[in-house]
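Structural description and commentary
What follows is the residue order along each chain.
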Amino acid sequence: MTTLGPRRVHPAEILPWLALAALPWIAPDHVLLGSQIAILALFALSLDLLVGHAGLVSLGHAAFFGLGAYAAALLALHGWSEPLTGLAAGGLVAGLAAALVAPLVVRVHGLAQLMVTLGLGLMLHEAASRARVLTGGDDGLSGFDLSPVLGLFPFDLYGFTAYGYALAVLAAGFLFYTRLAASPFGYALRGLKQNPARMAALGTDGRRRLIQGFVVAAVLAGIAGALLAQTTQSVALESLSFHRSAEVLIVLCLGGTGGRYGGLVGALVYMAARDWLSALSPHYWTGWLGAAMMLTVLVVPGGLGGVARRLHGRLPRLHRATGTRVAAGGES
Amino acid sequence: MTGLPVVVFDGLAYGMLLFLMSVGLAVTLGLMGLVNLAHGAFAAGGGYVAALAMSRAGVPFLLALPLAALAAAVGGVVLERLLFRRLYGRSPLDQVLFTVGLVYVWIAAATAAFGAGQQPADLPGFLQGQVDLGGVRVGLYRLVLIGLGVAVALALALGLERTRIGALVRASVEDAEMAGGVSIRVGRLFALTFTLGAGLAGLGGALAVPVLGLDPTFPLKYLAYFLIVVCMGGAGTVTGSFLAAAAVGLVDVAGKYYLPEIGAFAVYGLAVAALVWRPNGVLRA
């Protein structure tokens, strides 16, 4: 019925976005946190294309996030301060790097794949920390200014523009993700996750689809990284670290894989919990985070999205459209 | 190239530590398919037991070592029965998430209990100094580490090949369901090997304190190394882990010695190349 195909967007889905858009008026003190949530949600969405769709678990996804961040920051540092082209550059650099390593990553499966992505991520982190001339090493990059978004909205001290900008990019990424998931390409990726042998028998070039999926996910991650660099006007080496890769996996699993709201819900819950825990116990909040991760796996496998799906499955079938979503995306 | 023998020696000693700390991970991975990223916590736990026993209770080094192994083994069996058992058969993603969470909990708990700083651990006098080995002067403790690593590897390999329990373990690695079908109590075997692996990690962790230092982030700092050893060696093999650990130790020490500007790059590169070449471990075609 709509261009979004079988996974059509329910009209009520506009409500959470309206709520997000109203944040600067509801809670003006929390727009910085809001920007971080939007960026993390976009990053998690990009990872979900791999984990939730292609069935490709990466422990080094931060590599592409960091590449995008450094690309955008370097561009701004060298005088090109237009934000949208900076985003595109971040995505492009990440995508090119992904195209370079994707054949290695899709060659292997399971644990070896985890390790190859982890190893590549660590290599990039190591390289970035050594290449001080380019990346500033452990100090990172900062001290660059950006021109107004679309020539209209200058970045302000309070982060209102940054928040609006991040939210708009997230919304665009969200629509892109939704369309991709409903496209033949999205179906091919999910098919490859469920049964690669059968997909090959159907004539799908699995290797090629996975490489393409890997590159698309990396582009999206690069855009998220560039967004972080632009909205905070700095890049830290941490944006390439294993910690960052682990964090986004946690976010995704918390929210649930394979559904379009997983990344957003996960980012929201994760950042809120992080904010709350780090205020409650500044030294040990990562320990509480770890405990929450363990509990998530033991108590709510499939994340919050999985819980929602199971609850939804128990309701009478009011919405056929979302009913098919349960069938198509309910792999967990 | 006067440094070469020393580099080889240090690399091998470092590799033996890696072997002790990761062989348990290789076996649990092969036997239970468990991606346990928290395995390093057993090594760190053993390290803390040894370091604290020596510095606070005055326990001699040689007694602190078995103490550390025992403590880690007890921790292993308790955690296996309470937590890890629930993860067998779950997706790698769940396992990764759970065990990374456990590492975070460990770091916070260890920081709260022992402080964030390095633990002091001095070698006893009789293990310090150097010995002359055919014109090359090498650290005595390094020599002891290599000897111990080789001895443990031999014992494990013989145990796996020649004993009844070893045969049961090999059968379960090959096909756990079939092994259960011929009334091998796979669950109990899991617990046993997990405990043994944790104990060895504890021993390795205790031995590593004077060489690598020890702070609460130890399991995270060396996580990549453990995983590289296990993946390169192949899941479930002792020989593979041994060779991979030696190679990783050598390449890492040589890389940092001859090409300090590229740091750990060499060993990560080696790992990625090895994995792409032989995804199931270098010994498996």
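About the cut-offs
- Residues numbered from 1 in each chain as written.
- Chains lettered and ligands numbered in written order.
- Predicted model: local features only at pLDDT ≥ 70, side-chain atom pairs only at ≥ 80, totals over all residues.
- Heavy atoms only, no water.
- UniProt positions renumbered as here; feature names shortened; annotations may be inferred.
- Helix = DSSP H or I, 4+ residues; strand = E, 2+ residues; numbered from the N terminus.
- Pairing = 2+ DSSP bridges.
- Contact = heavy atoms within 4.5 Å.
- Buried area = accessible area lost by both parts, 1.4 Å probe.
- Salt bridge = Lys/Arg side-chain N within 4 Å of Asp/Glu carboxyl O.
- Polar contact = N/O pair within 3.5 Å; in protein donor to acceptor, adjacent residues only side chain to side chain.
- Nonpolar A, V, L, I, M, F, W, Y, C, P; charged D, E, K, R; others polar.

**Observations concerning the UniProt feature "transmembrane region" (unreviewed entry) in chain A**
All names here are of chain A.
- The positions UniProt marks with the feature "transmembrane region" (unreviewed entry) are residues 33-51, 63-81, 87-106, 157-177, 210-229, 249-273 and 285-308.
- Secondary structure within residues 157-177 divides into 86% helix and 0% strand; the distance between the first and last C-alpha atoms comes to 31 Å.
- Between the end C-alpha atoms of residues 210-229 the distance is 28 Å, and the span holds 100% helix and 0% strand.

**Quick word on the UniProt feature "transmembrane region" (unreviewed entry) in chain B**
Residue and element names in this part refer to chain B.
- As annotated by UniProt and renumbered to match this structure, "transmembrane region" (unreviewed entry) occupies residues 12-32, 61-84, 96-118, 138-160, 189-212, 224-251 and 258-277.
- Across residues 12-32, helical content stands at 100% and strand content at 0%; the span's end C-alpha atoms are separated by 29 Å.
- A distance of 32 Å separates the end C-alpha atoms of residues 189-212, which is 100% helix and 0% strand.

**Some thoughts on the pairing of strand β2 (residues 136-139) of chain B**
All names here are of chain B.
- The pairing of strand β1 (residues 130-133) with β2 spans four bridges and is antiparallel. Its bridge partner lying in β2, Leu-133 is registered against Val-136.
- Where β1 hands over to β2, the hairpin turn is made up of two residues, of which Gly-134 adopts a positive phi near 60°.

**Details of the interface of chain A and chain B**
- Each partner contributes residues to the interface: chain A has 37 residues there, and chain B has 38 residues.
- Carbon and sulfur atoms make up 85% of the surface buried where chain A meets chain B, a total of about 3300 Å² over both sides.
- Applying the counting rule to chain A against chain B returns zero salt bridges.
- Counting across the interface, chain A meets chain B through two residue pairs in polar contact (both at pLDDT 80 or more).
- Secondary-structure elements contributing two or more residues to the side of chain A that touches chain B are α5 (83-107), α6 (110-130), α12 (242-255) and α14 (285-299) of chain A.
- The element best represented in the side of chain A that touches chain B is α6 of chain A, accounting for 13 residues.
- Classifying every residue of the side of chain A that touches chain B gives 28 nonpolar, six polar and three charged.

**Details of unusual backbone geometry**
- The backbone of Gln-233 of chain A shows a phi angle near 50°, a positive value even though the residue is not glycine.
- With respect to the helices, strands and loops of the structure, Gln-233 of chain A is situated in the loop between α11 (206-232) and β2 (234-235).
- Even without glycine at this site, Ser-183 of chain B takes up a positive phi of about 60°.
- Residue position: Ser-183 of chain B is located in the loop between α7 (176-181) and α8 (186-212).

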